[in-house]
Amino acid sequence: MTKLLSWARAAAVAAGALAGVASAGPAFAQAAAPIKVGVLHSLSGTMAISETTLKDTMLMLVDDLNKKGGLLGRPVQAVVVDPASDWPLFAEKARELLTQHKVDVVFGNWTSVSRKSVLPVFEELNGLLFYPVQYEGEESSRNVFYTGAAPNQQAIPAVEYLMSRDGGEAKRFVLLGTDYVYPRTTNKILRAFLNSKGIADADIMENYTPFGHSDWQTIVGQVKQFASAGKKTAVVSTINGDANVPFYKELANQGVKATDIPVVAFSVGEEELAGLDTAPLVGHLAAWNYFMSINTAQNKAFISKWHAFIGNTKRVVNDPMEAHYIGFNMWVQAVKQAGTTNVDAVRQAMYGQKFMNLNGQMAVMNTNHHLSKPVLIGEIQANGQFDIVWKTPGVVVGDAWSDFIPESKPLVADWTYPWVCGNCTEPKFKN
Amino acid sequence: MVHAMVTQALGSLARALLLCAALFSGTAYAQAIEAKSIEDLVAILGAGDFTAKIDATQALATTGDPRLVPILQALLDGNLYARKSDHLVVIGKEQGGTLTATDPLAEKVIGQAPVADFERARVNNRLRTVLQTALGALQLAHPDPSRRKASADALFKTPSVEMIEPLRLAIEHEHNGTARRALVRALAATELQFSEKIDAKRAAVVTLAALADPDVRSYLNGRINSIPETANAEQQELKAAMTAAVVQIERRIASWQTFGNVLQGISLGSVLLLAAIGLAITFGVMGVINMAHGEMVMLGAYTTYVVQLAFRQYLPGGLDYALLVAVPAAFAVSGLVGVAIERGIIRWLYGRPLETLLATWGLSLMLQQAVRSFFGPTNMQVTSPSWMSGAVELTGGVVVTYNRIWIAVFALLVFGLLIFIQRRTQFGLQMRAVTQNRRMARSMGIRSGWVDALTFGLGSGIAGMAGVALSQIDNVSPNLGQGYIVDSFMVVVFGGVGNLWGTLVGAFGLGIINKFLEPYAGAVLGKILVLVAIVLFIQWRPRGLFALKGRAVEA
């Protein structure tokens, strides 16, 4: 009977998701119109695996804010839509959020291709998007705040670590990626960076696989062969989504040990490892701005709040969740400071906004719409968590335009006077 | 008695080896040992930074004290802890938040305490390598041959001059073939790098050249790189010998690689076969364009997860055999869902392929979302039983993983079972009769509706069994089935619709072709090329490799 009930509940949830909109009810009885927060994350399709958790994170943050009395004396309401891992649908749903639901801000997107798809909508309707995932950079929009890592906050430090003494002094690199914009751009930056460090093109192997690639025998074999040229070899993985589990299973089964060929990944976190037996993978690395294993009071409080909200103490937390946590709280501070949810006023109030991240360091929103974040390198442990083996001493300012790509090197993103531009070589306003 | 003697002999060998190691150890760490007692060094292992830990490990290794093995092993395995209050270093065993602490040197249990009072000693890859080498030096006389081999392998990776004599001594006493080969390899590498006599170096190159081993190639390449252009004639000659050795090894590896490609192709083929074989029934035999086929596979994988969960709860000891229970369970679950689908939807749509396509596609979305709502969107962890983990390493760097061997065996078993059902059972006969000539079969007294439902159920059930196998190599997520639906149709169409043997040949053919193309064309282009080739092939033979002949075709 209970089984039947839970099925019925599941069906109801499914129906809700299909209908497109589910609302988290505010606890306010009075008539004050709620402030609306749009949540644009895929709840079905390929990306649901990663994005559903972010939707839940947003619901938790909104719930928390309402318990504290809301914002500007008004309740806050989350408006959840499901773009279903369908990139063009992201644009339609973004338009729906901004025009029909008239939300004051949107938190959403995971893949870069979905972000590129909603960008024109946010710019046309002057909306505000908080994007929480590490990405390839080479973009700056007045309407987007990038709370994930730019390449100089993840990819470059990770490769520098591999080349350091502690990282094994790697001299040869394999760049493995899924075939789409994020891995290709990141690897373009990495190749330029490696060349600048004296690594010849002959010592770099690049390989791309389709989304959801599941047969890794040949590629792992090729990596082993590439690694047998007598120079210490490391793998830099921008493999995304579903393909990671079979990739790591193949690595483990073929006995590729982290002490021989370390693999550093940019899209593998606690959530992705949750479906894996990590004992054979101990020592492989990931670079993020946050790990669940961080030992701070803020982090412990965040994890226990998450477990209480989701009702399952086994659920893990990950880097993009922290990005939403920072982004949402900064937005709340900016709204309070501006005294309104008006996009232009809030944007102006966002600059220089400070909020304590879960590492116990101060995150700052810069005028290029990127956060200052610490960079952490973690090694996979047998329990599916990461041990932090290296971190930057302080926080690193996110750089929208990489210095290692010649055409983007001179570009500056600065949305305050006198620049007011996302990709200019000189300020828009001159005296 | 014999055992005791062997142990004794090993013990004395161990002492001799350790003495050797101590005698031959360089003076680099001698001062560190003098300055710090073993206890002090162990304290560093528990609390120092990585560089301090590395120095301490190297200093400890040179003492040759056998008491150190459990400590270093504990650090390597992440079982070494330091108490937060007084930095006392213990070997700990955690269970449910409590730590059972053992004194590292005295090896006796001190007591139990909450794990929160302790800080686990951290390890990075550099320290891990140093630890493995140190353990290698300390465990050359370990009673377990596989540990001796692991020790030799660690010493091969980071050779050090003080290990030449211990390795020689160990080879003299080694009777196990595998361990001996590893020791010889390690000694050759060590001599090549450190021996002062050029003859010994030459001999080492000859020894190494005889191995078809990618690790050796890697090592030799490293040595070649380390000899500068300006080196003397003797060094140049050695360099030439090593270069020739690498060429020799590469040639041998290349021929093994072709064999490896075939094996990988067979393995990919068996995955394709498993994924497609259920479809060969529902689409091939019944002619239903079943877009929800992948979801039947997915349901099978989730059944595996649930069965494992139940085992973990009620029968933790039998977890290794959970898969054996999961196979019939997955067949039952997917089969029943299949029967329900046939009775509920498909039977109204026979002879209307477009409607069937749309209906089953919609169904596949509904099944995915139902599973997502019920189990959650995240990956479910399906563990591999111990008999499916690891790999056999053949010569020439060809690695065949156990899970893939089992999947190939399983695929062939399922295929055999299906052929048996189709050819040798009453149900199989009725199935063929109904699909070939429904009206005639009905007039013979066969309940054709019933046979339809069971046939669809059989195809779905077999897809469920495929899900059990695929849960071992892929994500168990609601999207699992999507990745296989296109491949499955490709195999069935290529092999010849309606012919099970065609599916078999088609799956293995595509698998092997794919694996030969992939190294040259890359995964993305390889897939495109295969697809284009199939389109052209279908133009030439519209009914696939093995077309059905005779009147059955018209049905």
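In this text the structure is predicted, and so the values were computed from the model without any measurement.

## Remarks on the overall build of chain B
No. 1: Scanning chain B from terminus to terminus reveals 21 helices and seven strands.
No. 2: At 31 Å, chain B has a C-alpha radius of gyration far larger than the 24 Å of a compact globule built from 555 residues.
No. 3: Expressed as lengths along the three principal axes of its C-alpha atoms, the size of chain B is roughly 95 × 65 × 50 Å.
No. 4: Surface accessibility of chain B: about 25,600 Å² in total, with carbon and sulfur atoms responsible for 62%.
No. 5: Computed over 47 positive and 38 negative side-chain charges, the separation of the two mean positions in chain B equals 14 Å.

## Description of the overall build of chain A
No. 1: A count of helical and extended segments in chain A gives 12 helices and 19 strands.
No. 2: Relative to the compact-globule value of 22 Å for 431 residues, chain A shows a C-alpha radius of gyration of 22 Å, a close match.
No. 3: For the C-alpha atoms alone, the extent of chain A along its principal axes is close to 75 × 70 × 40 Å.
No. 4: Taking all 431 residues of chain A together, 62% fall into the buried category.
No. 5: Within chain A, contacts between residues at least 6 apart in sequence are counted, and of these 67% link residues at least 24 apart.
No. 6: For chain A, the computed accessible surface area is about 15,000 Å², with 55% contributed by carbon and sulfur atoms.

## A word on helix 19 (residues 448-470) of chain B
No. 1: Relative to the 33 Å expected for 23 residues at 1.5 Å per residue, helix 19 of chain B spans 33 Å between its end C-alpha atoms, a close match to the ideal helical length.
No. 2: Counting buried positions along helix 19 of chain B yields 20 of 23 residues, so the element is predominantly enclosed.

## Some words on helix 7 (residues 145-157) of chain B
All names here are of chain B.
No. 1: Across its 13 residues, helix 7 extends 19 Å between first and last C-alpha, which sits within 8% of the 18 Å expected from 1.5 Å per residue.
No. 2: Among the residues making up helix 7, those that are buried are R148, S151, A152, D153, A154, L155 and F156.
No. 3: Looking at the buried side of helix 7, the elements it contacts are helix 6 (125-138), helix 8 (164-173), helix 9 (177-194) and helix 11 (214-226).

## A word on the packing of aromatic side chains
No. 1: Counted under the stated rule, the structure contains 31 aromatic pairs over all chains.
No. 2: A ring pair is formed by F107(A) and W331(A), whose centres lie 6.4 Å apart and whose planes are at 85°; its orientation type is edge-to-face. You can see F107(A) sitting in strand 4 (residues 105-108) and its partner W331(A) sitting in helix 11 (residues 319-338), a full 224 residues away along the chain. Accessibility classification places F107(A) together with W331(A) in one group, the buried group.
No. 3: Aromatic side chains F415(B) and W501(B) sit 5.1 Å apart centroid to centroid with 75° between the ring planes, which places their arrangement in the edge-to-face category.

## A few points about the packing of helix 9 of chain B against helix 11 of chain B
Residues and elements named next belong to chain B.
No. 1: Look at helix 9 against helix 11: their axes get within 11 Å of each other, and the N-to-C directions meet at 5°. Taken together, the axes of helix 9 and helix 11 are roughly parallel relative to one another. Where helix 9 abuts helix 11, its residues R185, A189, L192 and Q193 lie against D215, V216, Y219, L220 and R223.
No. 2: Partitioning the contact of helix 9 with helix 11 into residue classes produces five nonpolar, one polar and three charged.

## Thoughts on the interface of chain B and chain A
No. 1: In this assembly, 52 residues from chain B lie in contact with 61 residues from chain A.
No. 2: Across the chain B/chain A interface, buried area totals approximately 4,700 Å², and carbon plus sulfur atoms make up 45% of it.
No. 3: When the buried surface of chain B facing chain A is broken down by residue, N125(B), R126(B) and F374(B) rank first, second and third, together holding 12% of it.
No. 4: Our count for the contact surface shared by chain B and chain A stands at eight salt bridges.
No. 5: The closest approach of N and O atoms between R120(B) and D387(A), which form a salt bridge, is 3.1 Å.
No. 6: Of all the secondary-structure elements, those providing two or more residues to the side of chain B that touches chain A are helix 6, helix 11, helix 12 (233-285), helix 15 (353-375), strand 7 (399-401), helix 16 (402-424) and helix 21 (500-540) of chain B.

## Quick word on the environment of T392(A)
Residue and element names in this part refer to chain A.
No. 1: Within the fold, T392 resides in the loop between strand 16 (386-391) and strand 17 (396-397).
No. 2: Along the chain, T392 and V375 lie 17 residues apart, while their C-alpha atoms are 5.5 Å from each other.
No. 3: Discounting chain neighbours no more than four positions away, the residues touching T392 are P374 and V375.
No. 4: In terms of polar contacts, T392 uses its side chain to reach the backbone amide nitrogen of V375, at 3.0 Å.
No. 5: Separated by 2.9 Å, the side chain of T392 and the backbone oxygen of G394 make a polar contact.

## A few points about the sheet that holds strand 5 (residues 118-120) of chain B
Residues and elements named next belong to chain B.
No. 1: In spatial order, the strands read 4-3-2-1-5; together these five strands make up an open sheet with antiparallel pairing. At either end of the open sheet lies a strand with only one pairing partner, and these are strand 4 (109-114) and strand 5. For this sheet the average axis-to-axis angle between neighbouring strands, irrespective of direction, equals 40°.
No. 2: Pairing geometry for strand 1 (residues 80-83) and strand 5, over three bridges, is antiparallel. By the bridge assignment for strand 5, R83 is matched with F118.

## Quick look at the domain arrangement of chain B
The accessible area lost on association of the parts is a frequent measure of interface size.
No. 1: Looking at chain B, the domain boundaries give domain 1 (2-143), domain 2 (147-226) and domain 3 (256-554).
No. 2: Averaged C-alpha coordinates put domain 2 of chain B and domain 3 of chain B at centres separated by 47 Å.

## Concerning the pattern of salt bridges
No. 1: One pass over the full model with this rule turns up 44 salt bridges over all chains.
No. 2: The shortest N-O distance in the salt bridge between K188(A) and E407(A) comes to 3.6 Å. Here E407(A) lies in the loop between strand 17 and strand 18 (412-414) and K188(A) lies in helix 6 (residues 181-196), a separation of 219 residues in the sequence.
No. 3: On the basis of relative accessible area, K188(A) is assigned to the partly exposed category, the value being 46%.
No. 4: A salt bridge links R404(B) to E250(A); its shortest N-O distance comes to 3.3 Å. Linking R404(B) in helix 16 with E250(A) in helix 8 (residues 244-253), this pair reaches from one chain into another. Just as R404(B) is buried, E250(A) falls in that class too.
No. 5: The network of salt bridges with common partners includes D215(A), E250(A), R404(B), K515(B) and E518(B).

## With respect to a nonpolar patch on the surface
Residues and elements named next belong to chain B.
No. 1: Residues Y402, I405, W406, V409 and L413 make up a contiguous nonpolar surface patch of about 440 Å² in total accessible area.
No. 2: Topologically, V409 is positioned in helix 16.
No. 3: The exposure class of V409 is partly exposed, given its relative accessible area of 38%.

## A short note on the side chain of N290(B)
Residues and elements named next belong to chain B.
No. 1: You can see N290 is positioned in the loop between helix 12 and helix 13 (293-314).
No. 2: In this structure the side chain of N290 is engaged in a polar contact, spanning 3.1 Å, whose partner is the backbone nitrogen of A292.
No. 3: Apart from residues lying up to four places away in sequence, N290 is in contact with L279, T282, T360, F456, I485 and F489.

## Re the pairing of strand 15 (residues 376-380) of chain A
All names here are of chain A.
No. 1: Across the five residues that make up strand 15, a large majority, five, are buried.
No. 2: Along strand 15, one buried face is formed by L376, G378 and I380 and the opposite face, lined by I377 and E379, is buried too.
No. 3: Relative to strand 15, strand 11 (residues 285-288) is paired through four bridges, and the arrangement is antiparallel. Each bridged residue has a counterpart across the sheet, and for A287 the counterpart in strand 15 is I377.
No. 4: Pairing geometry for strand 15 and strand 16, over five bridges, is antiparallel. Counterpart to L376 in the pairing with strand 16 is K391.
No. 5: Here strand 15 folds back onto strand 16 in antiparallel fashion, the turn holding five residues, of which G384 has a positive phi close to 85°.

## Considerations on empty space enclosed by the protein
No. 1: For the structure on display, the rule yields three cavities of 30 Å³ or more.
No. 2: Forming the boundary of the largest cavity are I49(A), S50(A), G241(A), D242(A), N244(A), V245(A), E272(A), N379(B) and N475(B).
No. 3: Within the residue set of the lining of the largest cavity, elements represented by two or more residues are helix 2 (48-67) and helix 8 of chain A.
No. 4: Here the lining of the largest cavity is built from residues that sort into two nonpolar, five polar and two charged.

## Considerations on the nonpolar core
One broad rule of soluble globular proteins: the nonpolar side chains tend to lie buried together.
No. 1: If you look at the biggest cluster of nonpolar residues, it comprises 102 residues, and the most contacted ones within it are F247(A), Y248(A), F328(A) and W331(A).
No. 2: If near-sequence neighbours (up to four positions away) are discounted, F247(A) is found in contact with L176(A), W216(A), V220(A), I239(A) and V263(A).

Calculation criteria
- Residues numbered from 1 in each chain as written.
- Chains lettered and ligands numbered in written order.
- Predicted model: local features only at pLDDT ≥ 70, side-chain atom pairs only at ≥ 80, totals over all residues.
- Heavy atoms only, no water.
- Helix = DSSP H or I, 4+ residues; strand = E, 2+ residues; numbered from the N terminus.
- Rg over C-alpha atoms; globule rule 2.2 N^0.38 Å.
- Areas by Shrake-Rupley, 256 points an atom, 1.4 Å probe, with all protein chains shown as cover.
- Lys, Arg positive; Asp, Glu negative; His and termini not counted.
- Charge placed at Lys NZ, Arg CZ, Asp CG, Glu CD.
- Buried < 20%, exposed > 50% of the residue type's maximum accessible area, 1.4 Å probe, protein only.
- Contact = heavy atoms within 4.5 Å.
- Expected span 1.5 Å × (residues − 1).
- Phe/Tyr/Trp six-rings, centres within 6.5 Å; stacked < 30°, edge-to-face > 60°.
- Axes fitted to C-alpha atoms, helices over the stretch in contact; angles between N-to-C directions.
- Parallel < 35°, antiparallel > 145°, perpendicular 65-115°, else oblique.
- Nonpolar A, V, L, I, M, F, W, Y, C, P; charged D, E, K, R; others polar.
- Buried area = accessible area lost by both parts, 1.4 Å probe.
- Salt bridge = Lys/Arg side-chain N within 4 Å of Asp/Glu carboxyl O.
- Polar contact = N/O pair within 3.5 Å; in protein donor to acceptor, adjacent residues only side chain to side chain.
- Pairing = 2+ DSSP bridges.
- Domains from an automatic or database assignment.
- Patch = residues over 30% accessible without salt bridge, like charges linked within 9 Å, V, L, I, M, F, W, Y side chains within 5 Å.
- 1 Å grid on protein atoms, 1.4 Å probe; cavity = no way out; pocket = protein on both sides within 12 Å on 5 of 7 lines; lining within 4 Å.
- Points joined across faces, edges and corners; volume = space filled by probe spheres on them.
- Core = buried A, V, L, I, M, F, W, Y, C linked by side-chain atoms within 4.5 Å.

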